[in-house]
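Chains, contacts and geometry: an overview
So the chains spell out like this:
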Amino acid sequence: MTTGIDAIAFDIAKLHLPIKTLANARNIDPEKLEKGLGLLKMTLPDVHQDTVVFAANALTKLIRQNNINPQEISRVYVGTESGIDSSKPIGSFVVSLMEQLYGEGSFSNCDTVDFTFACIGGVDALQNCLDYIRLNPEKKAVVITSDIAKYDLESTGEYTQGAGALAMLITANPKIIAFNHNWAVSTKGVFDFFKPYRTIEKEAITGNNSNTEWFGNLEAEIEIHKDQPVFDGQYSNTCYTDRTREAYFRFKEANNIKGSLYEKWESIIMHLPYAYQGRRMFSEIFAIDAAEPLAQQNDPDYATKLKDISKSEAYKEFVNQKLQPAEPASSLIGNLYTGSVFMGLLSALSQFVEKEIDVTGKTFGFLAYGSGSKSKVFEGTIQSGWKEAVTTVKLFETLSTSKEIAFEDYVSLHKKEQKTSLLQPRNEWVLDYIEKENPNLVGARYYKWVE
Ligand SMILES: CC(C)(COP(=O)([O-])OP(=O)([O-])OC[C@H]1O[C@@H](n2cnc3c(N)ncnc32)[C@H](O)[C@@H]1OP(=O)([O-])[O-])[C@@H](O)C(=O)NCCC(=O)NCCSC(=O)C[C@@](C)(O)CC(=O)[O-]
């Protein structure tokens, strides 16, 4: 028996800002963003969308496109770093929305929980669900990844923004990909990218130090939540390369692989915070795990050697063959945080369908990363039903219908000054309202399905 992904669906934000528009507004050479980082568009949530909306839309599509009986889903595990409540998980919202569609109690036997570890939470949810299915092969689990990658205006993360969710059905004997059980991990607690609880002295807001109640806050410090992370871009790249390299070689050792591991993989799917992150970071592994190593870590000119290797024809050819297929969706979407690695898989498979390349029986390698920091390396084998399952998803066809918005609308959405939706929602979930009056429900978020 094998375990893996049987079906996939997605819901990506339908508005986008062309990267060229952002580059021009910020005085950045557009070629740097397009050719250097591989960015073309960044997708942005509309006023009625949040991570619950994206997650519920992705799950609704998964159920409908694959005629799944909702009562057969015994788990909905969510990977996210864009939670909307410190106690109530996105999974709890999603299950209640599904009951609006499929009847009260239809998900009451379903277990649900959110997994948070920056961008790798979806992979953690997947690993957990694979173990569960291995023990309970007759069951079906769903893994959802849902995030809004929002960065401060004018920061170096601004051009990597994106938003949306994927939902994946995890079963025994799956149609798309079956995963090998032997995974490797590398973890180190660091501050490369994080979303801290911040505080501001009440006095700085009220202008007096009497600590009088301020909108229900009795404390002298007011807690502030920002979706935008605190981060150090170049340090985050170092953590990314260090963790993925460590996990890669641990995987190689744990699976007793002789010779070059990456040569054995048809395609390599990495966490992509922007389209070219994988190709920019993998050159070190390419050099040191080559059949005849091209560089040694103790070389005095190691960094220069790696830079030269990253520009070599051999590396470019390698990139085109093994890394490029996962990139185009990222160029059109931006960072999906927990969903990026799975979107890379969908992008690669959709391209193989389009180019009529049969990858049945081929092994794909995965290098996942989450800031904070952790990498997991694992591999999977493409199953015979992949082509049919991926064709139903219509990835690039759907992405091509995205609506371009003007720079002013982008800023107004980002600053939450825009109060009405830019696109009329149809056949999807929307955030209806947030309770403001009832003290027992203040902050409760209510959603509805719009025909
Ligand atoms: C990612 C960075 C650091 C990039 O930072 P940056 O400063 O925008 O770009 P750069 O200077 O590092 O690289 C620019 C590339 O463009 C090239 N270039 C320059 N000009 C031209 C031109 N005219 N034509 C063609 N190419 C050009 C230039 O040569 C270079 O390519 P190289 O050869 O060095 O590979 C920044 O966007 C950032 O801070 N992003 C936010 C953090 C981030 O995404 N970090 C990535 C690793 S951490 C991670 O992946 C986890 C994360 C972020 O997803 C969060 C989570 O886990 O939750």
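Residues numbered from 1 in each chain as written. Predicted model: local features only at pLDDT ≥ 70, side-chain atom pairs only at ≥ 80, totals over all residues. Heavy atoms only, no water.

Topic: the domain arrangement of the chain
Interfaces are often sized by the accessible area lost when the parts come together. Heads up, the rule is: Domain delimitation follows an automatic or database domain assignment.
Domain boundaries in the chain define domain 1 (3-192 + 232-450) and domain 2 (194-225). Centre-to-centre, using C-alpha coordinates, domain 1 lies 35 Å away from domain 2.

Some words on the environment of Ile268
Definition in use: The helix and strand labels rest on DSSP assignments: H or I over at least four residues marks a helix, E over at least two residues marks a strand, and numbering proceeds from the N terminus. The contact criterion used is simple: two residues touch if any of their non-hydrogen atoms lie within 4.5 Å.
Along the polypeptide, Ile268 turns up in strand 14 (residues 267-270). C-alpha separation for the pair Ile268 and Gly344, spaced 76 residues apart in sequence, amounts to 9.1 Å. The residues touching Ile268, leaving out its near neighbours within four places in the chain, are Tyr262, Phe282, Phe318, Lys322, Leu323, Ala326, Gly365 and Leu367.

Points about the UniProt feature "domain: Hydroxymethylglutaryl-coenzyme A synthase N-terminal" (unreviewed entry) in the chain
Stated formally: UniProt positions are given in the numbering used here, feature names are shortened, and annotations may be inferred rather than shown by experiment.
As annotated in UniProt, the feature "domain: Hydroxymethylglutaryl-coenzyme A synthase N-terminal" (unreviewed entry) corresponds to residues 4-173 in the numbering used here. The span residues 4-173 is 34% helix and 29% strand, and its two end C-alpha atoms sit 7 Å from each other.

Side note on the packing of helix 3 (residues 51-65) against helix 4 (residues 90-102)
Let me state the cut-off plainly: Here an axis means a line fitted to C-alpha atoms, over the contact stretch when the element is a helix, while the angle between two N-to-C directions is reported on a 0 to 180 degree scale. If an angle is under 35 degrees, it is roughly parallel; if it is over 145, roughly antiparallel; if it lies from 65 to 115, roughly perpendicular; otherwise it is oblique. Left-handed describes a crossing whose near helix is turned anticlockwise from the far helix through less than a right angle; right-handed describes the clockwise counterpart. Polar here means any residue other than Ala, Val, Leu, Ile, Met, Phe, Trp, Tyr, Cys and Pro, which are nonpolar, and Asp, Glu, Lys and Arg, which are charged; Gly is therefore polar.
It is the contact of helix 3 with helix 4, at a shortest axis distance of 9 Å, that shows an interaxial angle of 50°. The angle between helix 3 and helix 4 falls in the class oblique. Seen from above, helix 3 lies across helix 4 with right-handed handedness. On helix 4, the residues that touch Thr51, Val52, Ala55, Ala56, Leu59, Thr60, Ile63 and Arg64 of helix 3 are Ile90, Phe93, Val94, Leu97, Met98, Leu101 and Tyr102. Considering only residue class, the contact of helix 3 with helix 4 consists of twelve nonpolar, two polar and one charged.

Quick look at the UniProt feature "domain: Hydroxymethylglutaryl-coenzyme A synthase C-terminal" (unreviewed entry) in the chain
In the numbering adopted here, UniProt assigns the feature "domain: Hydroxymethylglutaryl-coenzyme A synthase C-terminal" (unreviewed entry) to residues 226-418. Helix makes up 49% of residues 226-418 and strand 13%. Its end C-alpha atoms lie 18 Å apart.

Focus on the site of the ligand
How we decide: Note on definitions. A residue lies near a molecule or strand when any single heavy atom of the residue is within 4 Å of it. Within 3.5 Å is the distance limit for a polar contact, defined as a pair of N or O atoms, with the added protein rule that one can donate a hydrogen and the other accept it, and that residues adjacent in sequence qualify only through two side-chain atoms. Computed with a 1.4 Å probe, the accessible areas rest on the Shrake-Rupley method; for each residue, only the protein chains presented here act as cover.
The local shell around the ligand holds 32 residues, among which Glu81, Cys119, Tyr159, Arg280 and Lys311 are the closest. The separation between an oxygen atom of the ligand and a polar side-chain atom of His271 is 2.8 Å. For the ligand, the accessible surface in isolation is 1100 Å², of which the surrounding protein chains cover 80%. Elements represented by at least two residues in the shell around the ligand include exactly helix 2 (30-36), helix 7 (233-254), helix 8 (277-281) and strand 15 (363-370). Ranked by residues supplied to the shell around the ligand, first place goes to helix 7 with five residues. Of the residues that constitute the shell around the ligand, the class distribution is eleven nonpolar, 13 polar and eight charged.

A closer look at the nonpolar core
Defined as follows: Take the buried Ala, Val, Leu, Ile, Met, Phe, Trp, Tyr and Cys residues and link them wherever side-chain atoms come within 4.5 Å; each set so joined is a nonpolar core. The cut-offs for exposure are 20% and 50% of the maximum accessible area for each residue type, with area from a 1.4 Å probe on protein chains only; residues under the lower value are buried, those over the upper are exposed, and the others partly exposed.
Tyr262, Trp265, Ile268, Phe282, Phe318 and Tyr410 are the most contacted members of the largest nonpolar core, which has 51 residues in total. With five residues, the single largest contributor to this core is helix 7. When near neighbours in sequence (up to four residues on either side) are disregarded, Trp265 contacts Tyr248, Phe251, Lys322, Thr363, Phe364, Gly365, Leu367, Val377 and Glu379. Among the nonpolar cores identified, the runner-up in size contains 50 residues, and Ile133, Leu336, Phe364 and Leu399 belong to it.

Observations concerning the confidence of the model for the chain
Let me state the cut-off plainly: pLDDT is a residue-level measure of predictor confidence that goes from 0 to 100.
Per-residue confidence for the chain gives a mean pLDDT of 97, with 100% of residues at or over 70. Predicted complex metrics record ipTM = 0.98 and pTM = 0.97.

A word on the sheet that holds strand 3 (residues 41-44)
As a general point, the strands of a sheet are linked pairwise by backbone hydrogen bonds and lie either parallel or antiparallel. Let me state the cut-off plainly: Between any two strands, pairing holds if DSSP finds at least two bridges.
Taken together, the three strands give an open sheet; going across it, the order is 3-2-17, and neighbouring strands pair in mixed fashion. Two strands close off the open sheet at either side, each with one partner strand: strand 3 and strand 17 (403-404). Bridge analysis of strand 2 (residues 15-18) against strand 3 gives four bridges, and the strand direction is antiparallel. Counted as the bridge partner of Leu17 is Met42 from strand 3. The strands touched by helix 1 (residues 19-26) within the sheet are strand 2 and strand 3, with strand 2 carrying the most contacts at an inclination of about 50°.

Observations regarding helix 1
Just so we agree on the cut-off: Each direction from the helix axis to a C-beta atom contributes to the arc, which is the arc of those directions.
Along helix 1, the residues classified as buried are Ile19, Leu22 and Ala23. Down the axis, helix 1 shows its buried residues gathered within 100° of arc, on one side only. Looking at the buried positions of helix 1, the neighbouring elements they touch are strand 2, helix 2, strand 3 and helix 16 (407-414). Among the residues trailing helix 1, Asn27 stands out with phi positive, at a value near 60°.

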